[in-house]
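# Notes for the structure review
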Amino acid sequence: MGEERGTESLKKTKMTTFGVVALIYSFVAAGAFGIEEAISASGPGLTIAMLLIFPFIWSFPLCEMVGELGSIFPNEGGVYAWGRAAFGEFWGWQVGWWSGASTWICQAQYTALVAGYAAKIIELTPSQEYMIKIGVVVVFTIINIIGLDWLEKLETVFNVAVFVAFAAVAVVGFMNWHYNPIEPFCNPEIGLFGSAGEGVAIIIWMYCGYECMSNMAGEMENPQIIPKAMRISQPLIALTYVLPTLAALAAIGQWDAWSTDQGAGMVGYADVLIQYVGQWAGVLFVIIAIISNMGIFCSYIAHGSRAFFVMADDDMFPKALCKVDKRGIPTLSILILAVFTVICCQFDFTTLVMAATPIQLYLYLLMVACIYKVRKMYPVEGRRKMGLTVMPGGNIGLAFLSACVILICMFAIYANGTDYFVTGYVVLGLGLVMYIAFKWLYKGDFKKDPVAFPLNQTTKLGVGDMRDIGVYTLLVGLMSLIGYVFLLFYEGEEAYEYYLEEYGTGLFSNYGAMMHIVLGLGIVLTIVGFALYKYGMKTESAQIADLAKARKERLDEELKELIGGVPGQD
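Residues numbered from 1 in each chain as written. Predicted model: local features only at pLDDT ≥ 70, side-chain atom pairs only at ≥ 80, totals over all residues. Heavy atoms only, no water.

All right, on to the overall build of the chain then. When helices and strands are counted, the chain shows 20 helices and zero strands. Its C-alpha atoms give the chain a radius of gyration of 24 Å, near enough to 25 Å, the size a compact globule of 570 residues would have. Seen along its three principal axes, the alpha-carbon backbone of the chain occupies a region of about 70 × 55 × 50 Å. Counting the 570 residues in the chain, one finds 59% classified as buried. Across the chain, contacts joining residues at least 24 apart in sequence account for 82% of those joining residues at least 6 apart. Accessible area for the chain stands at about 23,100 Å²; split by element, carbon and sulfur atoms hold 67% of it. Positive and negative charge centroids in the chain, built from 34 and 48 side chains respectively, lie 14 Å apart. (Helix = DSSP H or I, 4+ residues; strand = E, 2+ residues; numbered from the N terminus. Rg over C-alpha atoms; globule rule 2.2 N^0.38 Å. Buried < 20%, exposed > 50% of the residue type's maximum accessible area, 1.4 Å probe, protein only. Contact = heavy atoms within 4.5 Å. Areas by Shrake-Rupley, 256 points an atom, 1.4 Å probe, with all protein chains shown as cover. Lys, Arg positive; Asp, Glu negative; His and termini not counted. Charge placed at Lys NZ, Arg CZ, Asp CG, Glu CD.)

This is how it looks when you write it as structure tokens:
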């Protein structure tokens, strides 16, 4: 059978529902830190409205999708494994790349937040801030190397501290209600539509990360508790956001001065405790803010180190990333992520968010497609008989919940601005180039089963890859053309002055140049993508059809190992 796979050597840990809830809470929230920027951008009323609405139209659909896919495919690698099962190696690799890249970039975001909150207590030089970031990386890398059981315990303690801190803000705020917390409803300077565009990216970011826990499903003895923990965590996260924010706005007002920054008249959650309890309470709150972001960083090491681990195990990434030590811990993968984080944490928070945000939204769009494809392959009736988790509401519920995710993703991809949209091309382009290079180098599925996954002798890629590359390129082109039309009307003439003032020099300062790139790439990629798709179908469609049965049988065998059977088969 050959050498043992890395995923088979991973240490298995039995986790409690409470511990998994703590990890999910840490992945997604770990407190309301960050909402401050949405308040000043969108207005207090609209921010509160979005915090109340998004659990129903964003969090709930995502949680249910993650629960359903994770229940039938409780693989290590989570969303990567789901994309691979639904659409094959090419699309699985892309979604794995998006998941891994966004997580690796996000890692450095949280070290930046830790250093930023530390600077609120003591004055720090740039070199001292960088040393704090490195210290955070070193400490929590060691904790992750120890194992998931210690990570579970640590995250539970961190989250209890965060709950207590924000409960104190809520209680003190409601006891000192002096202002209307929802007035004005939106930012009067930019109107309702502009206010929604300014704040929606932050709110989406606050409710992102539910899929991360499934990345470690292969290391859990009891992965079927993840969907249950998802449903428990949702209201906890929403309440942690809504109640302290409402109470704090009612107590101190000053909506246009809310910020994560310190000084210059800026305010935030800590000011509720400073104003009505004392300076010491505010300092203690800031310390907990530091702990909170440490907790998120710690949990994301666990998620991020597994992202490329599984892809390497499937012979589609450098094999060094799937090595495990004698205890079954992917130590080398964790250490490589730590080195990458030390390099990236030199960048500022805004730059890191700009690089990571578009990728996560593309990931969620493909997750919706996975739900539909997997339901077609394995009908829900058979899954229910096996006790697996299925989204509620039948086909109507699926249509409604998936429509919510699609509409929010599409709006946010464009509403973030032209600079964010153009940045997304880098990751999308790298994903295509790296897939082709790694397929040539490592062969992927061909190494494990050359009969079901043969190579095209002309392209040296997998049979079916040219069709998938064509669809991928075509979709990117169409997204770009839609983006050109939307951004032209959404940002308007004011965009020329805004980007010049925001960036000063470089590509992002030139709105006209960015829009020419968006339009030009849209036209070229649409034409090239359609041509590649037609070529792939013309040269490989018959062979793809012949291989479909063998590939489905392989997937069925994998399901038997994972969940003890194949839904719908007696």
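Now that the structure is up, let's keep going.
In the contact formed by helix H5 (residues 89-118) and helix H12 (residues 331-344), the axes pass within 9 Å of each other and the chain directions differ by 60°. The orientation of H5 with respect to H12, classified from their angle, is oblique. Remark: the crossing between H5 and H12 carries right-handed chirality. In contact with Trp-104, Ile-105, Gln-107, Ala-108 and Thr-111 of H5, H12 contributes Ile-336, Leu-337, Phe-340, Thr-341 and Cys-344. Across the contact of H5 with H12, the residue classes break down as seven nonpolar, three polar and no charged. (Axes fitted to C-alpha atoms, helices over the stretch in contact; angles between N-to-C directions. Parallel < 35°, antiparallel > 145°, perpendicular 65-115°, else oblique. Left-handed = near helix turned anticlockwise from the far one by under 90°. Nonpolar A, V, L, I, M, F, W, Y, C, P; charged D, E, K, R; others polar.)

Here we come to the packing of aromatic side chains. Taken as a whole, this structure holds 28 aromatic pairs when the rule is applied. Measuring from centroid to centroid gives 5.2 Å for Phe-166 and Phe-285, while their planes differ by 75°, and the two rings are edge-to-face. Here Phe-166, found in helix H7 (residues 148-175), pairs with Phe-285, found in helix H11 (residues 279-313); they are 119 residues apart in sequence, far enough to count as distant. Side by side, Phe-166 and Phe-285 carry an identical accessibility label, which is buried. Taken together, the aromatic side chains of Phe-90, Trp-91, Trp-93, Trp-97, Phe-317, Tyr-435, Phe-438, Tyr-442 and Tyr-472 make up a single cluster linked through ring pairs. (Phe/Tyr/Trp six-rings, centres within 6.5 Å; stacked < 30°, edge-to-face > 60°.)

With that settled, the discussion passes to the side chain of Asn-187. Locating Asn-187 in the fold gives a position in the loop between H7 and helix H8 (191-206). At a separation of 3.2 Å, a polar atom in the side chain of Asn-187 contacts the main-chain carbonyl oxygen of Ala-41. Once you skip the residues sitting within four places of it in the chain, Asn-187 turns out to touch Ser-40, Ala-41, Ser-42, Gly-43, Ser-195 and Trp-255. (Polar contact = N/O pair within 3.5 Å; in protein donor to acceptor, adjacent residues only side chain to side chain.)

Taking 1.5 Å per residue, 28 residues should reach 40 Å; helix H9 (residues 225-252) reaches 41 Å between its end C-alpha atoms and fits that length. At Ser-233, H9 shows its strongest bend, of approximately 25°, with the proline Pro-235 following within four residues. H9 sits mainly inside the fold: 21 of its 28 residues count as buried. The positive-phi residue at the C-terminal boundary of H9 is Gly-253, with phi of around 60°. (Expected span 1.5 Å × (residues − 1). Bend = angle between axes of the 7 residues up to and from the residue.)

A few words on a negative patch on the surface. On the surface, Glu-493, Glu-494, Glu-497, Glu-501 and Glu-502 cluster together into a patch of negative charge. In this fold, Glu-502 is placed in helix H19 (residues 494-503). A relative accessible area of 48% places Glu-502 in the partly exposed class. (Patch = residues over 30% accessible without salt bridge, like charges linked within 9 Å, V, L, I, M, F, W, Y side chains within 5 Å. Salt bridge = Lys/Arg side-chain N within 4 Å of Asp/Glu carboxyl O.)

What follows concerns a nonpolar patch on the surface. A surface patch of nonpolar side chains, about 620 Å² in accessible area, is lined by Ile-121, Ile-122, Val-277, Trp-280, Val-283, Leu-284 and Ile-287. Along the chain, Ile-287 turns up in helix H11.

Right, let's get into the packing of helix H3 (residues 44-72) against helix H15 (residues 394-415). It is the contact of H3 with H15, at a shortest axis distance of 9 Å, that shows an interaxial angle of 115°. The angle between the axes of H3 and H15 places the two elements in the roughly perpendicular class. The crossing of H3 and H15 is left-handed. Residue-level contacts link Phe-54, Ile-57, Trp-58, Phe-60, Pro-61, Leu-62 and Met-65 of H3 to Leu-401, Ser-402, Cys-404, Val-405, Ile-408 and Cys-409 of H15. Tallied by class, the residues present in the contact of H3 with H15 amount to twelve nonpolar, one polar and no charged.

The next point concerns the nonpolar core. Counting 168 residues, the largest nonpolar core has Trp-58, Trp-98 and Tyr-207 as its most contacted members. The greatest single-element share of this core, amounting to 16 residues, is contributed by H11. Contacts of Tyr-207, omitting those with residues within four sequence positions, involve Val-28, Leu-51, Phe-54, Pro-55, Trp-58, Ser-59, Leu-62, Ile-237, Ala-238 and Tyr-241. (Core = buried A, V, L, I, M, F, W, Y, C linked by side-chain atoms within 4.5 Å.)

Attention now goes to the side chain of Gln-234. Among the structural elements, Gln-234 can be located in helix H9. The buried category is assigned to Gln-234, whose relative accessible area is 11%.

Once that is clear, we can look at unusual backbone geometry. Pro-184 follows Glu-183 through a cis peptide bond whose omega is 0°. One can find Pro-184 in the loop between H7 and H8. The phi torsion at Gln-254 lies on the positive side, around 55°, for a residue other than glycine. Take Gln-254: it is sitting in the loop between H9 and helix H10 (269-276). According to the relative accessible area criterion, Gln-254 is partly exposed, its value standing at 41%.

The subject of this paragraph is the pattern of salt bridges. Any two side chains of opposite charge can pair if their charged atoms end up close together. Evaluated as defined, the whole model comprises 14 salt bridges. Notably, a salt bridge pairs Glu-68 with Arg-375, separated by 2.9 Å at the nearest N-O pair. Here Arg-375 lies in helix H13 (residues 349-377) and Glu-68 lies in helix H3, a separation of 307 residues in the sequence. When its relative accessible area of 1% is taken as the criterion, Glu-68 is described as buried. Note on Arg-375: relative accessible area 10%, which makes it buried. One salt bridge connects Lys-560 with Glu-557, and the closest N-O pair in it is separated by 3.2 Å. On the criterion of helical spacing, the pair formed by Lys-560 and Glu-557 is a turn pair, its members being three residues apart in helix H20 (residues 511-563). A relative accessible area of 40% means that Lys-560 is categorised as partly exposed. Overall, the relative accessible area of 44% leaves Glu-557 in the partly exposed class. Several salt bridges share partner residues, and in doing so they unite Arg-84, Asp-314, Asp-315, Lys-319, Asp-445, Lys-447 and Lys-448 into one network.

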